[in-house]
Amino acid sequence: LDYETQSQYGRTGTDGAFLYQEGETVTFSIGGIVLGSAPAEKKLTPADLSIEVAGDVNKIVNRKVTNMTRLLMSLNPLSDYEEKIVITDEIRDICNQFRKKIYLNQPENSFSKDPMVCQLMEALGSKLVSPAVARNYLRRAMNGIVKKTNIKIPTRDGGYVLADIFMPEKGGKYPVI
């Protein structure tokens, strides 16, 4: 993402890191599509960028937060957003063509049918993820849970089964189940 504070600006690192000074506000955008602003902290999610939600996981049904998460998750159709969302220069350039044309704070159904959103998705060669998928992804991110998809688990007969594994974001000792 592109970011800007009172003293810093640039693009987030591959791990999502950005620079800021204590007490600053950070504004995030993608090629001119402004997502929102929040007091700068080490970890921020779309839920932090909406004053109505203010990082409260119980309020992520907010339409602006849901639509922001949907947009982010839909940016790169070739990327597995369960691992990380990758924003290339090409994606940023495409988004720049839609600056000031994408309105996040509208009902989810309207956002899905919004002509500008549809044109953006077409230009990206992508499809907008559903509100439920976006909220589940955001809920896990806010609670520090990482989902690994289609992990091969060997069986005694030499075959394997595929499973989705949910695990803590931070290292340490945790119960198996």
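Residues numbered from 1 in each chain as written. Predicted model: local features only at pLDDT ≥ 70, side-chain atom pairs only at ≥ 80, totals over all residues. Heavy atoms only, no water.

Enquirer: Even after reading the chapter, I still don't get the nonpolar core, so can you show me in this structure?
Expert: Counting 28 residues, the largest nonpolar core has Phe 28, Leu 35, Leu 71, Leu 75, Ile 102 and Leu 120 as the members making the most contacts within it. Taken together, the elements giving at least two residues each to this core come down to β3 (25-30), β4 (33-39), α1 (63-74), α2 (89-96) and α4 (115-124). By residue number, the principal contributor to this core is α4, which donates four residues. Among residues more than four places away in sequence, those in contact with Leu 75 are Ile 30, Ile 87, Ile 91, Cys 95 and Leu 124. The next biggest cluster of nonpolar side chains, apart from the first, holds five residues, and it includes Ala 47, Val 53, Val 65 and Leu 138. (Core = buried A, V, L, I, M, F, W, Y, C linked by side-chain atoms within 4.5 Å. Buried < 20%, exposed > 50% of the residue type's maximum accessible area, 1.4 Å probe, protein only. Helix = DSSP H or I, 4+ residues; strand = E, 2+ residues; numbered from the N terminus. Contact = heavy atoms within 4.5 Å.)

Enquirer: Just checking my understanding: could you explain the confidence of the model for the chain for this structure?
Expert: Reading fine detail from the predicted coordinates is not recommended where pLDDT is low. Looking at the chain, the pLDDT average stands at 90 and 95% of residues meet or exceed 70. Ranking the elements of the chain by mean pLDDT puts strand β5 (residues 145-154) last with 83 and helix α3 (residues 108-113) first with 97. (pLDDT = per-residue confidence, 0-100.)

Enquirer: What should I look at first to understand the sheet that holds β3 in this one?
Expert: Picture the strands of a sheet paired through backbone hydrogen bonds; they go either parallel or antiparallel. Taken together, four strands build an open sheet; the order of strands is β2-β1-β3-β4 and the sheet is antiparallel. Of all strands in the sheet, those bounded by a partner on one side alone are β2 (9-11) and β4. Neighbour-to-neighbour, the strand axes of this sheet turn through a mean angle of 20°, independent of strand direction. For β3 and β4, the ladder comprises six bridges, and the chain directions are antiparallel. Note on β4: the bridge partner recorded for Phe 28 is Gly 36. Packed onto the sheet, α1 meets β3 and β4 and runs at close to 120° relative to β4. (Pairing = 2+ DSSP bridges. Axes fitted to C-alpha atoms, helices over the stretch in contact; angles between N-to-C directions.)

Enquirer: What am I meant to see in unusual backbone geometry here?
Expert: Leaving glycine aside, a negative phi is the common case for residues, and trans is the common case for peptide bonds. For Ala 54, which is not glycine, the phi torsion reads 50° and is therefore positive. Looking at where Ala 54 falls in the secondary structure, it is placed in the loop between β4 and α1. A relative accessible area of 59% places Ala 54 in the exposed class. Notably, Lys 100 is not glycine yet its phi reads approximately 60°, a positive angle. Here Lys 100 is to be found in the loop between α2 and α3.

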